[in-house]
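Tertiary structure, described
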Amino acid sequence: MVVLQLRFLLVPFLTSIMGAAQYMMQDAALMNYIDRRILSVEKRLEKCNQDILDYVEEFRDFSKMVQSRLAGLNNYKAEVKSEVENLLRRIERAQRDIDYLGSATDSNICIEVHEDLVKQQLLEEAEEKKNLRLVFNASCDHMLAGIKSLKIVKKTGDKHGSWMKDPGKKHAKIYVLNGSVNNVILEFANIMTFMESNHTLKARRVTLPFPWEGTGHIVYQGFLFYHRYGSLNEIIKFNIQKKNTTDRMLLPGAGRIPAYQLSPSTKIDLAIDEQGLWAIHAEPETGGNIVITKINHITMAVEHTWDTPCNSKDAEAAFMVCNTLYVVYNLPSGGTSRIQCIYDILGAVNTSEIPALHFPRRQGSHSTIHYNPKEKQLFAWGDGSQIIYKLHTKQKV
């Protein structure tokens, strides 16, 4: 009886224990499920956070790229604008050259003219010569009588080159252009700085957009005028301080043969005198004789052209002084340079009565000789030496 009672008591007890264990197992499974779900959510949140960081970094890179492209587009816009302006100038220059060539072609046409037309033409030519005398004879009444002395300032650079001051400016800066093909100008504060042993360290270097050809360049009124390398007869006007090309022109008839036989790299030699900018070159049509052209340095337009009797054979250089061309000759092997052909555009100098003018004795040759009207001196480059010649002048006859 007692056993039976115990049995009845144990059955509910065991049943309750088994039920509790089942509930505990269910709770554990539930907790495990919840833990796995939370872990999955955390992983997704972590991935989402990493994706956001990646997107932010990608957006920053993209933003930088866009800003860089926009800056490039602004630069390109400025370049395009500059090229368009340059193209317009070239079109204007081409039109001017076409007009010039058209007038030159028309002047060579052989036609029969009435006697009155011939008289009219002679009167117009006389009037033109009169106007030229008024324009070019205003401040020029002297001519070269001799070369008093030379001073070798320095010996630096290649055999060929050019050095000068700017006669149109008050400063004492020295400009050195080394070599017959180059694109770097050296600017010195004064001649004393140039003469120092470490002079290249103290020079301001100016890089040109196009290299030059020959040694016939000139600095005037803050601009460098030079013959562009690789072109037949293109003259570049370059602002030295702003470092940009401001204008350019084509010089009709020039560039086909050297201006001087003994300086074959120079096809166009630019010069400065009291009247401004000149171009000196030779043409096959003139039998190799030298042609001089007056150029307006502001508009880069041809003002007038003269054929001279001076031949380019055995010539090494030339320069202008007061409307007069002086051609320097030498031996092919080098020797004493001499001036033996002079041409005055107004006929104010009787060249037949002028003896040959010899440079002070110095064996060698010149690759360039430039006249400085402000200092009345010649700046020459001879076999790598930079030379100054002092001049003796007199009144024109």
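This section reports on the structure supplied with the text. These figures come from a predicted structure and were not determined experimentally.

Bringing the overall build of the chain into the picture now. In terms of helices and strands, the chain carries 3 helices and 20 strands. Within the chain, buried positions represent 41% of all 397 residues. Look at the contacts in the chain between residues 6 or more apart in sequence, and 54% of them connect residues 24 or more apart. Accessible surface, the chain as shown: approximately 22,900 Å² in total, 57% of it carbon and sulfur.

Throughout this description, disulfide means a covalent bond between two cysteine sulfur atoms. Scanning the entire structure with this criterion turns up 2 disulfides. Here Cys140 engages in a disulfide with Cys322; their sulfurs sit 2.5 Å apart. With Cys140 in the loop between helix H2 (115–136) and strand E1 (142–155) and Cys322 in the loop between strand E14 (315–321) and strand E15 (324–329), this residue pair connects regions lying 182 residues apart in the sequence. With respect to class, Cys140 is no different from Cys322; both count as buried. Covalently, Cys310 is tied to Cys341 through a disulfide, its sulfur atoms 2.0 Å apart.

Taken as a whole and judged by the stated rule, the model has 7 aromatic pairs. Summarising the aromatic geometry, the rings of Trp278 and Trp306 are spaced 5.8 Å apart at their centres and angled 40° between planes, so their arrangement reads as tilted. Of this pair, Trp278 sits in strand E11 (residues 276–282) while Trp306 is found in strand E13 (residues 301–311), placing the two residues 28 residues apart along the sequence. Of the two residues, Trp278 and Trp306, neither departs from the other in class, the shared state being buried. Pairwise contacts between aromatic rings join Trp163, Phe188, Phe194 and Phe379 into one cluster. Sitting above the plane of the Phe210 ring, Arg228 keeps its charged end 3.8 Å from the centroid. A cation sits over an aromatic face here: Lys294 above Trp278, 5.8 Å from the ring centre.

All right, on to the nonpolar core then. In terms of nonpolar packing, the biggest core is built from 29 residues, with Leu224, Phe225, Tyr226, Ile235, Phe238, Leu251 and Leu270 touching the most fellow members. Those elements giving two or more residues to this core turn out to be strand E3 (174–178), strand E5 (204–213), strand E6 (218–220), strand E7 (223–227), strand E8 (234–239), strand E10 (269–273) and E11. By size, the runner-up hydrophobic cluster in this structure holds 22 residues, among which are Ile147, Val321, Ile342 and Ala380.

Strand pairing in a sheet relies on backbone hydrogen bonds, with the paired strands running either antiparallel or parallel. Taken together, 4 strands build an open sheet; the order of strands is E6-E7-E8-E9 and the sheet is antiparallel. Every other strand in the sheet has two partners, leaving E6 and strand E9 (244–250) as the edge strands with one partner each. Neighbour-to-neighbour, the strand axes of this sheet turn through a mean angle of 25°, independent of strand direction. Note that E6 and E7 share 3 bridges and pair antiparallel.

Pairing in this open sheet of 4 strands is antiparallel, and the strands run E2-E3-E4-E5 from one edge to the other. Both outer strands of the open sheet, strand E2 (161–164) and E5, are each paired with one neighbouring strand and no more. Strand after strand, the sheet turns through a mean of 20° between neighbouring axes, direction not considered. Pairing of E2 with E3, which is carried by 4 bridges, proceeds in the antiparallel orientation. Opposite Gly161, over in E3, you have Asn178 as the bridge partner.

Positionally, Arg248 belongs in strand E9. In this structure the side chain of Arg248 is engaged in a polar contact, spanning 3.1 Å, whose partner is the side chain of Glu234.

With that settled, consider empty space enclosed by the protein. Summed over all chains, the structure comprises 1 cavity of 30 Å³ or more. If you add up the space inside the largest cavity, you get close to 60 Å³. As for the largest cavity, its lining consists of Met164, Lys165, Pro167, Ile218, Val219, Ile272, His370, Tyr371, Asn372 and Phe379. Every element with two or more residues in the lining of the largest cavity is listed here: E6 and strand E18 (368–372). The element that contributes the greatest number of residues to the lining of the largest cavity is E18, accounting for 3 residues. A per-class count over the lining of the largest cavity returns 7 nonpolar, 2 polar and 1 charged.

All chains considered together, the criterion is met by 11 salt bridges. With a shortest N-O distance of 2.7 Å, Glu375 and Lys165 are connected by a salt bridge. Here the residue Glu375 occupies a position in the loop between E18 and strand E19 (377–382), and Lys165 occupies one in the loop between E2 and E3, the gap between them amounting to 210 residues. Taking the relative accessible area as the measure of exposure, Glu375 reaches 29% and is therefore partly exposed. Owing to a relative accessible area of 17%, Lys165 belongs among the buried residues under this scheme. Here Glu234 and Arg248 are joined by a salt bridge, their closest N and O atoms 3.1 Å apart. Taken together, the positions of Glu234 in strand E8 and Arg248 in strand E9 put the pair 14 residues apart, joining distant regions of the chain. The exposure class of Glu234 is buried, given its relative accessible area of 9%. In this structure Arg248 comes out as buried when scored by relative accessible area, which is 7%.

What counts as what
Residues numbered from 1 in each chain as written. Predicted model: local features only at pLDDT ≥ 70, side-chain atom pairs only at ≥ 80, totals over all residues. Heavy atoms only, no water. Helix = DSSP H or I, 4+ residues; strand = E, 2+ residues; numbered from the N terminus. Buried < 20%, exposed > 50% of the residue type's maximum accessible area, 1.4 Å probe, protein only. Contact = heavy atoms within 4.5 Å. Areas by Shrake-Rupley, 256 points an atom, 1.4 Å probe, with all protein chains shown as cover. Disulfide = S-S within 2.5 Å. Phe/Tyr/Trp six-rings, centres within 6.5 Å; stacked < 30°, edge-to-face > 60°. Lys NZ or Arg CZ within 6 Å of the ring centre and 35° of its normal. Core = buried A, V, L, I, M, F, W, Y, C linked by side-chain atoms within 4.5 Å. Pairing = 2+ DSSP bridges. Axes fitted to C-alpha atoms, helices over the stretch in contact; angles between N-to-C directions. Polar contact = N/O pair within 3.5 Å; in protein donor to acceptor, adjacent residues only side chain to side chain. 1 Å grid on protein atoms, 1.4 Å probe; cavity = no way out; pocket = protein on both sides within 12 Å on 5 of 7 lines; lining within 4 Å. Points joined across faces, edges and corners; volume = space filled by probe spheres on them. Nonpolar A, V, L, I, M, F, W, Y, C, P; charged D, E, K, R; others polar. Salt bridge = Lys/Arg side-chain N within 4 Å of Asp/Glu carboxyl O.

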